[in-house]
Amino acid sequence: MSDLDKDLVIKLQKFLTEKQFKRLKYEVDVIGEIKDQHPLIIFYYASSIALNINSDNEDLLYAEELFEKVYLLRNDLQSLYNMIAISFKTKCFKRVFPHILKEYEKNSKDNNLIEGIAKINFFLGNNVEAIKYFKIFFDKNPNSINYLTSFISAFNYISDIDQKNYLKVCEKYLKPFVNNIKYDKLINPKENKKIKIGFLSGDLKTHSVSFFLKGLISNINKEKFEIIFFSNLDISEYDDYTIFFKSFSNQWFDIFSLEDDLVIEKIRSLNLDVLIDLSGFFKGNRLQVIVNRCAKIQIGWLGYNNSLGIKNLDYLIADPNLVKSDEQNQYYEKILFLPKIWNAMSIPKDLPNINVIKDTNKNIFSFGSFNNYQKLSNETIKVWSKILLDTNSQIYLKSSIMESKDIKENILNKFFQRGVKNSQVIFLDRTDKISDHLKLYYKIDLALDTFPYPGVTTSFEAILMGVPVLTMRGFNLNSRCGESILKNIALPELIAQDKNDYYEKAIHFMNKNNLNKVSGLKLREKAISSPLFDTVTFAKNFENIIEWTYNKIEK
């Protein structure tokens, strides 16, 4: 290891501050192999890679390797913290996680370590462990906001919390947002010629939210409603869906780079009648905007199917299958009931044909789930493992969000611990085209829904491709989404009452005679003529509840 050149360190500090990353790299490269340099030189070199927005995944993994070297040489915790930050970008945790756990044993009060353990478990889908460490962190740091919404959303993925206790969690931990309210009321709101509706989202691109929102925006009555979008999406991510929404809007505002205060001022200046939040606690949310009163009526819908437990979100949109009449007091917001279903999907372009020709040589029954891996709760994997073990079947898994080898291995280990063979769990790669994604349903005989957090988009897609979905009865708005989908297509036989019934139904539908009654072309035809894909009727029903809430405003 070389001696420290102090003049070089001063140079590197300057280059790093000025973001002259190429110059910094050149200065270090000319003195020899980076791994042979002094730890401080290695640290600055790795930092230049980590901070460079042009660094790709491979670059970041190399920076993490260098930070690890510095950490091990000097027990430098800042290098470890930097490794943690990089792992959130790469979604690769094998290198850093053992070091975090080891350091945590020595110092269980280190906020960076606690937060790191919580976040990594969250990304891996270990929601019980994530919640455990998030609780420790936020109890120690009650005014911290970073990843607070991820913490609360994680409660939707575990089985041992009911709606009342979920709401208590919201009320306890969301105080930093509630305490920062500047605006509770609008100042002298005026009546508009049309009902002005704003949609706030970070997902106005090829995303599940867009698949359902498109039908509404296409069919909503433009003579009655003025449509305004607030896009919290980086412009670099805009695509055909973004262009579609912009073309159908009366006004469009890009707010991704704006501070909350500026967004609040802008929205309040527009005199909206209704502001609809499409993100909830998920990525891309602007919760501080919702907490402040930016419109006469503020509604949560579509992106996050549960209460936010915050002031100034007035309503949640649901349907009678999601929230029972005697349960409305379990939600912070008032419930607006659509008559049939809480959302309807637009039929995708280039919809593939139903796979009517089956492989007669296939002797292995194939289950499948294309739900995001975070939804694969411990209870879900436990039941699926029993099905796989008792039937010698296989299951196809695919996620629509960024995945990594570490996340897949973590899921596989949960199956292996229950005796499932490697050959029984098959991961499918992500696809660029929606039509190619839909064709992957050809591989599946029966889709298995996750619980307590069921699929929505994936269930609509599977049914549209003629693949029936087995779901489980839920206990709140979020966990009953699968129920509502199947009730709206008149297939209650695919709704399990509990885990034992879920197992029994999975076995029952492995019989081809039973499966054929609820699958194939007839299932698609049934779906297309049902409320699931009737976006015209859905738009009218949506208009009616918006007008109903609008007419309740004191003029």
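Details of the structure are given in the entry above.
Quick caveat: nothing in here was measured; it's all calculated off a predicted structure.

Conventions and cut-offs
- Here, residues in each chain are numbered from 1, in the same order as that chain's written sequence.
- Restriction of local features to residues with pLDDT of at least 70 applies here, the model being predicted, together with a cutoff of 80 or more for giving and counting side-chain atom pairs; totals for whole chains, interfaces and linings are based on all residues.
- To obtain the side-chain values, all non-hydrogen atoms of the structure were used and water was disregarded.
- Any residue under 20% of the maximum accessible area for its type is buried, any over 50% is exposed, and the rest in between are partly exposed; the area is computed with a 1.4 Å probe on protein chains only.
- In this description a helix means any DSSP run of H or I spanning at least four residues, a strand means any run of E spanning at least two, and both kinds are numbered starting from the N terminus.
- The arc in question is formed by the directions pointing from the helix axis toward the C-beta atoms.
- It only takes one pair of heavy atoms within 4.5 Å for two residues to be counted as in contact.
- At least two DSSP bridges between two strands are required for those strands to pair.
- Simply put, an axis is a line fit to the C-alpha atoms, just over the touching stretch for a helix, and the angle between two N-to-C directions goes from 0 to 180 degrees.

Chemist: Before we move on, can you summarise helix α6 (residues 97-106) with the specific residues and values?
Modeler: Along α6, the residues that are buried comprise F97, H99, I100, E103 and Y104. Down the axis of α6, the buried set is contained in an arc of 155°. They therefore lie on one face. What points out from α6, more than 90 degrees from its buried face, is the exposed set K102, E105 and K106. At its buried positions, α6 is contacted by α4 (57-74), α5 (77-90), α7 (111-124) and α8 (127-140).

Chemist: Summarise the sheet that holds strand β8 (residues 366-369); cite the residues concerned and give the values.
Modeler: Across the sheet, six strands lie side by side as β10-β9-β8-β11-β12-β13; this open sheet has parallel pairing. The open sheet has two edge strands with one neighbour each: β10 (425-427) and β13 (495-496). Here β8 pairs with strand β11 (residues 446-448) via two bridges, running parallel. Note that in β11 the partner of F367 across the bridge is L446. Those strands touched by helix α17 (residues 405-416) are β9 (394-397) and β10, and its axis lies near 170° from that of β10.

Chemist: Go over the environment of L448 with me, naming the residues and quoting the values.
Modeler: As for its placement among the helices and strands, L448 is situated in strand β11. Residue L448 is classed as buried on the basis of its relative accessible area, which comes to 3%. Sequence-wise, L448 and L200 are 248 residues apart; in three dimensions their C-alpha atoms are separated by 32 Å. Leave out the neighbours within four places in its chain, and L448 touches F367, G368, S369, N371, W384, I395, L470 and Y502.

Bear in mind that shape data such as this cannot, by itself, settle questions of function.
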